[in-house]
Amino acid sequence: VPSMRHRRSLGEPRALFALPSARGPLPAPHWPVECEVIKETIEHIEWVPPEPEPFCQPTGHEWAPAALGEKQGTVVYHLSPGSGEQAAPPGASSVSLSPHCRPPTAPQGSCFTHARVGGAPGPLSSPATPLEGPQDTTLLFESRFESGNLQKAVKVGPFEYVLTLRPDLYTAKHTQWFYFRVQNTRRDPLYRFTIANLAKPKSLYGEGMQPLLYSQRDAQSRGIGWRRVGANVRYYQGGSREEPAAFRLSWTARFPHDGDTCFFAHSYPYTYSDLQRYLRALMGDPVRSRYCAVRALCRSLAGNTIYLLTITSPAGVAAKRVVVLSARVHPGESGGSWAMRGFLDFLLSAHADAQLLRRLFVFKVVPMLNPDGVVVGNSRCSLAGRDPNRAYGTALRGSFPGVWHLRAMVERVLAEREVVLYCDFHGHSRKNNVFMYGCDSGGAGTRPRLQQRVFPLMLSKNAPDKFSFPSCKFKVQKSKAGTGRVVMWRMGVSNSYTMEVAFGGSTLGGRSSHFTVEDLKSLGYHLCDTLLDFCDPHPAKFQQCLLEVDVLLRQRLGREPGSSSSWSDVSPSELES
C-alpha cells in the first residue's frame, strides 16, 4: 500500500489490488481461522412484493412462551464458539493482528489473530443433529455462511425452537442481527421460534415489525424473494439464570412447502460478496467505468479489501466540491447497503440529474467500511471487538484501518477543497421511518445552526412518505464524540450527518408498512435529488427552507414567528425538547 504521505490527485486514489475483475472468480472473503464456512454459495433473488407489507397489528392474544431452555428440550444445532487460539496451518494465506492491536480488555486467546480464505482449515464439524429417518420432522439449521448468525437451536416441542444468537466475535454482547437457513420444512404445522438472547430493551418488533423469510422453492419456481412473515410476534424481557438481562423475540410462522430450504433474517441481507458482484459489473461496463474509479482504500484486519469509489465526470475536476458517503460501519445494518446501492445506481445512470451531479461534484464513496463484520455476521463491531463508529477520534491505524484511512482521505481532501456533505448510512432498531443526526453544539450564530437543519428538511420534502424531519436530532452528545459524523464536522465538514434507516418501515404519508428493498434503494435517489436542491445556484429553495426551520424551532420553543431574538443563547437540548 502506498505511503499516506504519497500525494495523489482526487481522480487517482490508491493503486489497485485485490479488486473484482470483470472476468474470472470474485476475490474470496477472508475469515478468521476459527470460523467454519460451508462451501455452498448463498445467493438470493431481488424481489419487491406487489402489495405493501403492513405492520402486524397486536391482537391482544399474543402470549409470552415460557422461558424454555436446553433442560426442557434437545439441542439440535450448536456451533462451538471459536477460542481464537487456533494456529494457522503451514502455508495458509493468512493476515495477523499484532498483539498491540488487541482491545485492552480482551483476555489472551479471545481476540482476532489471523484469517484465511475459507475460514477454519480441515473438515467441517457437524453442528446439526442428524435426522433419524424420513418421518423425523426436526428442522436442520445452518449459519456458517457469509453474514450468517445463529449459535444454537434447542427443540422444545414438536415444532417449537429456542434459538441463541452468536455475540459479535471477540465480545460477549451486541446480539441483534440474525440470518440462518432451515431445511426439512413441513408445510402444514405452525412453528414457533424464540430468540432468547437479544441485547436491546426496545425494538420495532414490539411495534408490528416482522422477521423476513426466504423460500428457495418460491424463488426458483415463482420468482418470489424475501417477504415479511410471522404472527404472534412478541418482544419481551425474558432472561434466564445464565442471561438475566436478555430480551426475547418470539414469532409463529408456516413454511410454504414441504422439504424446502428457507432462510430467516432480521433485515434484507447484503453481503461482502454481493458488493463485489456489483463492483465487478460496474468495472466491466464500458460506459459507467469511464466516470467511476474503483480502488482499494485499504485492507481490513482480515485482509478483505475496503473499496473506495471516486465518481465524477472527467472535465474540470480541479474546481469541484466533494461529497463523501459511507455505509456498513455497523455490519448488522444491511439497509444502509441497499440505500447505498440505490445511490450508486442513480448517480452512475444516464439520467440528466445524475450527469449534472457528476459535472458539479467529486463523490468519494466507501460502500462497506467494515467488511470483516459483514462477512462474519456481526451486529456492530469489527474484528477488533469494538465499535468502529466510536473510533474516528482516536483510531489506531492497526486496529481500525477503514476508519483511519477514511478520515485521512477526508483530511487530504479538505486541505485542497470544500467537502459540501458527509453522510454515513446506518440502520435503526427502535424508531420507524428515515431520519438524520446532525451536529449542533450550540454557541454558533443563528444562521449556522439553522443551516445544519436545511438538508434534512429538504430530504423530508423529497421523500415525504419515508423521511421524518421531526425525528432528526442535532445535539452532539459526549457518547457520540468518536462517531464519523461528529469527527468529520469538527474537521470542518459543516454538513455532516448520519442517515438512520429503520429496520421496520414507514408510518408517514398514510403508510404503515415495512420498507421493501425498492424503498431502501429509493433513498439513494432522494439523496441525489436533495443535493441538487441544496446546492442550487438559485437560492430560493434554500432560503425557503431556512425560513421554515426558523418557524418550526420558534413554534417548538413557544416564540413569536418573526421575532428578532437570536438562537445563539438556546442550548441544543432546548431545541430538541
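Computed from a predicted model, the values in this text were never measured in an experiment.

A.B. asks: When you look at the overall build of the protein in this model, what are you seeing that I'm missing?
C.D. replies: Helices and strands together make up the secondary structure of the protein, namely 12 helices and 24 strands. Across the 577 residues that make up the protein, the buried fraction comes to 58%. Pairs at least 24 residues apart make up 76% of the contacts formed inside the protein by residues separated by at least 6 positions. Approximately 23,300 Å² of the protein is accessible, and the part contributed by carbon and sulfur atoms is 53%.

A.B. asks: Quick question: what am I supposed to make of the confidence of the model for the protein here?
C.D. replies: Should the pLDDT be low somewhere, the predicted coordinates at that spot are not to be read in detail. Taken as a whole, the protein shows an average pLDDT of 88; of its residues, 86% reach a score of 70 or greater. Below a pLDDT of 50 lies the segment residues 1-16, which in the model reaches 32 contacts outside its immediate sequence neighbourhood of four places, other chains included. Across residues 83-109 the pLDDT falls below 50, and counting only partners more than four positions away or on other chains, this stretch makes 48 contacts in the model.

A.B. asks: Just checking my understanding: could you explain the nonpolar core for this structure?
C.D. replies: Counting 151 residues, the largest nonpolar core has F141 and L406 as the members making the most contacts within it. Per-element tally for this core: the top contributor is helix α10 (residues 517-534), with 8 residues. Looking at which domains feed residues into this core, each of domain 1 (55-78 + 125-266) and domain 2 (272-557) gives three or more. In this structure, L406 is in contact with L297, V324, S326, V366, L369, Y392, Y422 and M488, ignoring residues within four places of it in sequence.

A.B. asks: So what exactly am I meant to see when it comes to the UniProt feature "active site" (unreviewed entry) in the protein here?
C.D. replies: Taking the UniProt record as the reference, the feature "active site" (unreviewed entry) is found at E500. Turning to its location among the elements, E500 is positioned in strand β22 (residues 496-502). E500 has contacts with H426, G427, H428, N433, V434, F435 and Y437, leaving out every residue within four places of it along the chain.

A.B. asks: Honestly, the sheet that holds strand β5 (residues 140-142) in this entry has me stumped. Any pointers?
C.D. replies: Pairing between the strands of a sheet is mediated by backbone hydrogen bonds and can be parallel or antiparallel. Overall, antiparallel pairing links the 5 strands, which are arranged β5-β8-β14-β10-β11 in an open sheet. The open sheet is flanked by β5 and β11 (227-228), the only strands paired with a single partner. Relative to strand β14 (residues 262-265), strand β10 (residues 212-215) runs antiparallel, the two being bridged by 4 bridges. The residue bridging L213 from the neighbouring strand is F264, located in β14.

A.B. asks: Where do I start with the sheet that holds strand β15 (residues 292-299) in this structure?
C.D. replies: Spatial ordering of the open sheet is given by β15-β16-β18-β17-β19-β22-β20-β21, a layout of 8 strands whose pairing is mixed. Every interior strand has two partners, whereas the edge strands, β15 and β21 (473-475), have only one. Across the sheet, the mean angle separating the axes of adjacent strands is 20° when strand polarity is ignored. The sheet contacts of helix α4 (residues 352-360) involve β16 (305-311), β17 (321-327) and β18 (361-366), and relative to β18 the element is tilted by about 95°.

A.B. asks: Just to check I follow, could you spell out the pattern of salt bridges for this structure?
C.D. replies: For side chains bearing opposite charge, pairing can occur when the charged atoms are close. Under the definition given, this model contains 25 salt bridges. Across the pair D218 and R222 runs a salt bridge, and its minimum N-O distance is 3.3 Å. With a gap of 4 residues between them, D218 and R222 both fall in helix α1 (residues 216-222), about one helical turn apart. Judged by relative accessible area, which is 54%, R222 ranks as exposed. In this structure, a network of salt bridges that share partners links the residues E46, R341, D345 and K521.

A.B. asks: Help me understand the packing of aromatic side chains, please; the structure alone is not making it clear to me.
C.D. replies: Any two aromatic rings considered together are summarised by their centre-to-centre distance and by the angle between their planes. The final tally for this structure, using the stated rule, is 32 aromatic pairs. Where Y270 meets W338, the ring centres are 5.0 Å apart and the plane angle is 85°; that geometry is what we call edge-to-face. Here Y270 is found in the loop between β14 and α2 (272-283), whereas its partner W338 is found in helix α3 (residues 335-347), with 68 residues between them in sequence. Members of the aromatic cluster, each reached through a chain of ring pairs, are F141, F159, Y161, F178, F180, Y191, F193, W251, F255 and F264. Looking at R358, its charged tip hangs above the ring of Y291, at a distance of 3.7 Å from the centre. Over the aromatic face of F435 sits the side chain of K431, whose NZ or CZ is 4.4 Å from the ring centroid.

A.B. asks: Whenever I open this one, the layout of surface pockets confuses me. Can you help?
C.D. replies: Gaps left between atoms show up when a probe the size of a water molecule is rolled over them. Within this model, the largest pocket holds a volume of roughly 740 Å³. For the largest pocket, the lining is made up of 34 residues, of which T41, I42, E146, S273 and R277 are closest to its centre. Elements with a contribution of two residues or more to the lining of the largest pocket: α2 and α3. Ranked by the residues each element gives to the lining of the largest pocket, the list is headed by α2, at 4 residues. If you count residues domain by domain, the lining of the largest pocket takes at least three from each of domain 1 (55-78 + 125-266) and domain 2 (272-557).

Here is what the cut-offs are and how they apply
- Residues numbered from 1 in each chain as written.
- Predicted model: local features only at pLDDT ≥ 70, side-chain atom pairs only at ≥ 80, totals over all residues.
- Heavy atoms only, no water.
- Helix = DSSP H or I, 4+ residues; strand = E, 2+ residues; numbered from the N terminus.
- Buried < 20%, exposed > 50% of the residue type's maximum accessible area, 1.4 Å probe, protein only.
- Contact = heavy atoms within 4.5 Å.
- Areas by Shrake-Rupley, 256 points an atom, 1.4 Å probe, with all protein chains shown as cover.
- pLDDT = per-residue confidence, 0-100.
- Core = buried A, V, L, I, M, F, W, Y, C linked by side-chain atoms within 4.5 Å.
- Domains from an automatic or database assignment.
- UniProt positions renumbered as here; feature names shortened; annotations may be inferred.
- Pairing = 2+ DSSP bridges.
- Axes fitted to C-alpha atoms, helices over the stretch in contact; angles between N-to-C directions.
- Salt bridge = Lys/Arg side-chain N within 4 Å of Asp/Glu carboxyl O.
- Phe/Tyr/Trp six-rings, centres within 6.5 Å; stacked < 30°, edge-to-face > 60°.
- Lys NZ or Arg CZ within 6 Å of the ring centre and 35° of its normal.
- 1 Å grid on protein atoms, 1.4 Å probe; cavity = no way out; pocket = protein on both sides within 12 Å on 5 of 7 lines; lining within 4 Å.
- Points joined across faces, edges and corners; volume = space filled by probe spheres on them.

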